[in-house]
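# Structural features, examined
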Amino acid sequence: MQPDFKSSTHLHVIRLALTIAGVLVAGILLRQALLPAGYGTSGRYRPGAELDEANRTVRNLANDACLACHPLIRKLHLAGTHATVSCEICHGPGVDHVQDGKLAGAMPTVAGDVIGPVCLRCHGQVARLRPLDSIRMVSASDHLTGHRVRADNDCDQCHHVHAPMKWVREAREMVGLAAEPEGGRPWTN
Amino acid sequence: MDELERIREEIDLDRRRFVKKVLGGVIGGSLLLVLPAGAVKVAQQISGLAAGTDPVDPDRKFAFVIDITGCIGCGYCCVADKNEFQVPDGYYRTWVERYVIDDQDNVHVDAPRGGLDGYATARLDIPHPVRDTFFVPKLCNMCEKPSCVQVCPVGATFRTADGFVLIDRQRCLGCSYCVQACPYSVRFIGPESRVAEKCTWCYHRLAQGLRPACVEACPVQARKFGDLNDRESEVYRLLHEPNVISVLKPEMGNEPSLHYLGLRREVV
């Protein structure tokens, strides 16, 4: 006594198939509309997106760029122990100074009583703070009183900022101490 | 003779000569010195990459290596990064964490202002004597299997053929799924741009043949960057010699291209 579920027209199957096809077509059209042109040609992203990133402005230059225009600093800096130190640490980003090969503005310098904290960020000796092999450290007050100067003397009174050991070496040579460098290291700038 | 005075004089003289040469009779009194275009030749730091070359080069496999045993925590990498990308205050594309271990083996981690001001003073709030201190710089890990790319609903975060995970700022909706998906917390939604932002290993500098800004700023070469397909490169040597090399959170399976030299087990 089962009712006959068979529809002679298969209308429900056709309806279902049409719905699925409709959703598929709509999905494909929507995808086409939403995806950027050329999507997938170079990867799963909008072609050119990586170029947008690559075209960002370079704001920090490199030491080589600075040294190309500052030949005297070049001589000092490359001969000294600060050869690896970036100019822009002390002078700020190059983009404020040169743009497209043109001078765009003055370069700030830190000197005198504001240089201390800059030096000590790298050289400051704080108990067990920095790895010993990486950098030579001084404790500001001990270092200054050790050289018999007042504790508020500025670092750049004795150290040339671009070649920190230059004046020290020259002073030593003047008083004839050049023969025996400390720890067997040759004198540097 | 006063050496300082002599050098100053020399520099002044040189500058005057230089300025004179450059100006060559151009407008006096102008605030802008006009130099011939292309006057500044920046030496290529990464061979084969220079302005105008295709930035995507699948023959390269870049890697970043951070030497934990070398980092002095000066924080100038963070300063360079902030300058390079004009990162808004309170957001960090790269930062330096300080790990302090006391004699009870408690680990104290801090990163005031992301290390932007360096670490010039010791931590005073640790009750026990300090056994050891070290610094861990953090930045984008450029994963081979980046979870941020997987979760992005609009394909705005992608991985290029040469392994850079970048963000399409035009397409990003700012939904911040990727911010949550990143196991290394390197992403943030820019407060002004309203799109996801993160470290790119200075993709734009590489396109000019320049090293990343933080690598350039590091005074002790604790940040190293190079091409693993170049057997002469330092990163190739470091990763192929018996060094203690590890990545962060290897159990996440993201396969980072950022490696740490001398990483300690305390680091998370």
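Residues numbered from 1 in each chain as written. Chains lettered and ligands numbered in written order. Predicted model: local features only at pLDDT ≥ 70, side-chain atom pairs only at ≥ 80, totals over all residues. Heavy atoms only, no water.

Before going further, it helps to spend a moment on unusual backbone geometry. All names here are of chain B. Even without being glycine, Asp-105 reaches a positive phi, approximately 65°. The backbone phi angle of Glu-255 is positive, close to 50°, even though this residue is not glycine. Along the chain, the position of Glu-255 falls in the loop between β10 (245-246) and β11 (258-261). Glu-255 sits in the partly exposed class, given a relative accessible area of 38%. (Helix = DSSP H or I, 4+ residues; strand = E, 2+ residues; numbered from the N terminus. Buried < 20%, exposed > 50% of the residue type's maximum accessible area, 1.4 Å probe, protein only.)

Contacts between the two partners involve 50 residues from chain A and, on the opposite side, 71 residues from chain B. Of the roughly 5,100 Å² buried between chain A and chain B, counting both surfaces, carbon and sulfur atoms make up 60%. Counting the contacts that link chain A with chain B gives 13 residue pairs in polar contact (both at pLDDT 80 or more). Sorting the residues of the side of chain A that touches chain B by element identifies α2 (49-54), α3 (63-69), α4 (71-79), β2 (102-103), α6 (115-123) and α8 (166-174) of chain A as the ones contributing at least two each. In the side of chain A that touches chain B, the residues fall into 27 nonpolar, eight polar and 15 charged. (Contact = heavy atoms within 4.5 Å. Buried area = accessible area lost by both parts, 1.4 Å probe. Polar contact = N/O pair within 3.5 Å; in protein donor to acceptor, adjacent residues only side chain to side chain. Nonpolar A, V, L, I, M, F, W, Y, C, P; charged D, E, K, R; others polar.)

As a further point, take the sheet that holds strand β3 (residues 107-110) of chain B. Residue and element names in this part refer to chain B. Spatial ordering of the open sheet is given by β3-β2-β4, a layout of three strands whose pairing is antiparallel. Looking at which strands have only one partner, the edges of the open sheet turn out to be β3 and β4 (130-138). Looking at each pair of strands side by side, their axes are set apart by 20° on average, direction ignored. Alignment of strand β2 (residues 95-102) against β3, held across four bridges, turns out to be antiparallel. Among the inter-strand pairings, Tyr-99 is bridged to a residue of β3, identified as Val-109. (Pairing = 2+ DSSP bridges. Axes fitted to C-alpha atoms, helices over the stretch in contact; angles between N-to-C directions.)

Once that is clear, we can look at helix α2 (residues 76-85) of chain B. Think of an α-helix as 3.6 residues a turn; residues three or four steps apart then line up on the same face. The buried fraction of α2(B) is high, at seven of 10 residues. What α2(B) keeps buried is the set Tyr76(B), Cys77(B), Cys78(B), Ala80(B), Asp81(B), Glu84(B) and Phe85(B). Buried residues in α2(B) make contact with α5 (87-91) and α6 of chain A together with β2, α5 (203-206), α6 (213-217) and β9 (223-227) of chain B.

Turning our attention to the nonpolar core. All names here are of chain B. Counting 64 residues, the largest nonpolar core has Phe-64, Phe-164, Trp-201 and Tyr-260 as the members making the most contacts within it. Broken down by element, the residue count for this core peaks at four residues, all from β2. Leave out the neighbours within four places in its chain, and Phe-164 touches Phe-62, Met-142, Phe-158, Arg-159, Thr-200, Trp-201, Tyr-203 and Leu-206. Counting seven residues, the second largest nonpolar core, distinct from the first, contains Ala-80, Val-87, Phe-188 and Cys-202. (Core = buried A, V, L, I, M, F, W, Y, C linked by side-chain atoms within 4.5 Å.)

The subject of this paragraph is the side chain of Asp162(B). Residues and elements named next belong to chain B. In this structure, Asp-162 sits in the loop between β5 (157-159) and β6 (165-167). Arg-60 provides the closest opposite charge to the buried, salt-bridge-free Asp-162, at an N-O distance of 6.7 Å. Of the polar contacts made by the side chain of Asp-162, one reaches the side chain of Thr-160; its length is 2.5 Å. (Lys, Arg positive; Asp, Glu negative; His and termini not counted. Salt bridge = Lys/Arg side-chain N within 4 Å of Asp/Glu carboxyl O.)

Turning our eyes to something else, we now look at the packing of aromatic side chains. Counted according to the given criterion, the structure contains 11 aromatic pairs over all chains. Their ring planes at 20° and their centres at 4.0 Å tell us that Tyr45(A) and Phe158(B) sit as a pair that is stacked. Of the two residues, Tyr45(A) is situated in the loop between α1 (11-34) and α2 and Phe158(B) in strand β5; the pairing between them involves two chains. On the basis of relative accessibility, which here comes to 1%, the residue Phe158(B) falls in the buried class. Joined through ring pairs, the aromatic side chains of Phe62(B), Phe64(B), Phe164(B), Trp201(B), Tyr203(B) and Phe225(B) make up one cluster. Its guanidinium or amino end placed over the ring of Tyr76(B), Arg121(A) lies 4.2 Å from that ring's centre, counting from NZ or CZ. Here the guanidinium or amino end of Arg93(B) rests over the ring plane of Phe85(B), the centre of that ring lying 3.9 Å away. (Phe/Tyr/Trp six-rings, centres within 6.5 Å; stacked < 30°, edge-to-face > 60°. Lys NZ or Arg CZ within 6 Å of the ring centre and 35° of its normal.)

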